[in-house]
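# Fold and geometry: a report
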Amino acid sequence: MQVKFLGAAQRVTGSMHLVQCGRFRVLLDCGLFQGKRSEAYDINRKLPFPAAQIDAVILSHAHIDHSGNLPSLVRQGFRGKIYATSATRELSSTLLFDTARLQENDLKYVNKRRRQNQEPEFNPLYREEDVVKTIRAFRVRDYEEPFEVVPGVTATFFNSGHMLGAASVQLSCAETKQTLVFSGDIGRYQDPMLCAPQVVPGANYVIMEATYGDRLHQDDVDAEQQLHELCQNVWKKRGSILIPAFSIGRTQHLVYLLNTLAENDRLPPFKVFVDSPMAVDATEVYRSHVECFNEEFIQSILKEEDRDPLGFRNLYYVRSSEHSKAINQMNEPLIIISASGMLEGGRILHHLKQRIDDPKTTVVFAGYQAENTLGRRILEGAEFVKIFGVEYPVYCQTMRLDSVSGHADQSELIRWAKAVQEAGSIKQIAFTHCELEPAQTLKQEFERNGLPPVLIPARGDYMNMES
Ligand SMILES: [Zn+2]
Ligand SMILES: [Zn+2]
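Small disclaimer: the values here were computed from a predicted structure and weren't measured.

Conventions and cut-offs
Residues numbered from 1 in each chain as written. Chains lettered and ligands numbered in written order. Predicted model: local features only at pLDDT ≥ 70, side-chain atom pairs only at ≥ 80, totals over all residues. Helix = DSSP H or I, 4+ residues; strand = E, 2+ residues; numbered from the N terminus. Buried ≥ 20, exposed ≤ 12 C-beta atoms within 10 Å, placed from the backbone. Contact = placed C-beta atoms within 7 Å. Axes fitted to C-alpha atoms, helices over the stretch in contact; angles between N-to-C directions. Parallel < 35°, antiparallel > 145°, perpendicular 65-115°, else oblique. Nonpolar A, V, L, I, M, F, W, Y, C, P; charged D, E, K, R; others polar. Pairing = 2+ DSSP bridges. Core = buried A, V, L, I, M, F, W, Y, C linked by C-beta atoms within 7 Å. Left-handed = near helix turned anticlockwise from the far one by under 90°. Domains from an automatic or database assignment.

All right, on to the overall build of the protein then. Counting its regular elements, the protein contains 14 helices and 22 strands. With the C-alpha coordinates aligned to their principal axes, the bounding extent of the protein is approximately 65 × 60 × 40 Å. Looking at the protein as a whole, 49% of its 467 residues qualify as buried. Restricting to contacts in the protein with at least 6 residues of sequence separation, those with at least 24 account for 75%.

With that out of the way, let us pick up the packing of helix H4 (residues 86–116) against helix H8 (residues 277–287). Interaxial distance between H4 and H8 falls to 10 Å at its minimum, and their mutual angle equals 170°. Here H4 lies roughly antiparallel to H8, going by the angle between them. Only Met278, Asp281, Ala282 and Val285 of H8 make contact with H4, whose side of the interface consists of Ala87, Glu90, Leu91, Thr94, Leu95 and Asp98. Broken down by class, the residue content of the contact of H4 with H8 amounts to six nonpolar, one polar and three charged.

What follows covers the sheet that holds strand S19 (residues 397–400). Where strands meet in a sheet, backbone hydrogen bonds hold them as pairs that are either parallel or antiparallel. One open sheet holds the six strands; their spatial order is S14-S13-S15-S12-S16-S19, and the pairing between them is parallel. Two strands close off the open sheet at either side, each with one partner strand: strand S14 (315–318) and S19. Sheet twist, expressed as the average angle between the axes of neighbouring strands with direction ignored, equals 20°. Relative to the sheet, helix H10 (residues 321–328) contacts strand S13 (271–275), S14 and strand S15 (334–338), its axis offset from that of S13 by approximately 140°.

One finds Val57, Ile58 and Phe431 to be the most contacted residues of the largest nonpolar core, which totals 135 residues. Beyond its immediate sequence surroundings of up to four residues, Val57 is in contact with Leu27, Cys30, Leu70, Gly80, Ile82 and Tyr83.

Moving on to the sheet that holds strand S10 (residues 178–182). Pairing is mixed in the open sheet, where seven strands are placed in the order S7-S8-S9-S10-S11-S20-S21. A single partner strand is all that each edge strand has here, and the edge strands are strand S7 (147–150) and strand S21 (454–455).

Turning our attention to the packing of helix H13 (residues 410–422) against helix H14 (residues 436–448). The geometry of H13 relative to H14 is characterised by a closest axis approach of 11 Å and an angle of 50° between their N-to-C directions. Between H13 and H14, the crossing angle belongs to the class labelled oblique. Between H13 and H14 lies a crossing whose hand is right-handed. Seen from H13, the contacting residues are Gln410, Leu413, Ile414 and Ala417; seen from H14, they are Leu442, Glu445 and Phe446. Partitioned by chemical class, the residues of the contact of H13 with H14 number five nonpolar, one polar and one charged.

Structurally, Phe138 is set in strand S6 (residues 138–140). Placed 46 residues apart in sequence, Phe138 and Ser92 show a C-alpha to C-alpha distance of 9.9 Å. Beyond its immediate stretch of four places on either side in the chain, Phe138 contacts Ile82, Ala84 and Arg89.

Bridging between strand S4 (residues 56–58) and strand S5 (residues 81–84) involves three bridges; their strand directions are parallel. Bridge pairing links Ile58 to Tyr83 in S5. Sheet topology note: the S5/S6 ladder contains three bridges and is parallel. Bridge pairing in S6 links Ile82 to Phe138.

Moving on to the domain arrangement of the protein. Each assigned domain of the protein is listed with its residue range as follows: domain 1 (2–215 + 407–464) and domain 2 (220–404). A straight line from the C-alpha centre of domain 1 to that of domain 2 covers 26 Å. On the domain 2 side, the residues contacting the 28 residues of domain 1 number 26 residues. Classifying every residue of the side of domain 1 that touches domain 2 gives 12 nonpolar, nine polar and seven charged.

Right, let's talk about the environment of Thr88 for a bit. Counting through the fold element by element, Thr88 comes out in helix H4. Along the primary structure Thr88 and Leu164 are separated by 76 residues, whereas in three dimensions their C-alpha atoms are 7.2 Å apart. The contact partners of Thr88, leaving out residues within four places of it in the chain, are Leu59, His61, Ala62 and Gly165.

Here you go:
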């Protein structure tokens, strides 16, 4: 048994690991790489293996950096099954169709320019018809229900608490008697809605995410307080708050926090817009998957029959682009939550270009901002940025709201690894889904805590799993 790291290796996006077990090849995740446009174009297009040689895919969760390149795999000849939890399948369907549409729209604009410069036009990575075939290949599996992925390899999903449907994967090879645990993205232990990450038993080798290997989040009570103070301050200035957020996961978490503030009369009367058709769809999926929530949250919904934790007065879900455009004409204080989460595309860019030169605007970063994304540049204090090819001065305020993160922080990553170590017998751990620096910091912490030896693989590196 052997793993080849093909994505999210010494970087955060593009999660993809190839597990070879006997003559079978199982792919863990098939995510989109996000970053510099030219680099992303090449990496996402050229799969590092012939797609037809992959026997099965196991998908940890719906986020685009894990699922977003599945249609390319199918388009290029993959004919196996894609295993995922039920919520992951539904959310992936929403997300992949949206991604296909977004690409075609983005390219219309890019290609117009390329035609003017007499450069060859770009083709979209995939089209909606590829997404249809991809969704057909999905096979839904429950948490904690072992299933055969390929002959001799059994997989089981465990709740990773990162977003609705998110899973860690336990993968056992009958021949070598070795068990690989893939953490997927690890959530928080105190999420207001989702379950805490489950312990995955029996691990001999571990691939684990280390996104925030060098950070400690403030806890969630603070997120509410922070958001409350921010809203008060911005309201006083009659300003607006823009929150770029993944449509799935972060958006619902933010709405839930705002909802809590509203219920406790701690939210000034902003009009709040969730401007993303995908977030509207995803919110419906959230409402229908109670199995993924923690007990406290379920009780709080059951207690009051008509309580909608994802809806309150002054909250508007926006689907149509006309409505979205109308928001830009509004002069009153607003809160706008919209995708993409790293300001790499989507409707948030239209709101940003409208308000980025206004010092009364605060842009709140509630999720991870990868290298070479617009979000990262603004967060790091760029004075000017380009949006749709036009340069704008950055006069808006910025703020980090890490505590709303869907990712475990350093202490939680250590907690997770300790629990997995106790429930198994780990020989080696590989850190993925992280930049090099946080990985190195976390590696030192693992050594200090007596955890098993850590590998920080680069793209193309292997981990051999010997018995
Ligand atoms: Zn994720
Ligand atoms: Zn991720």
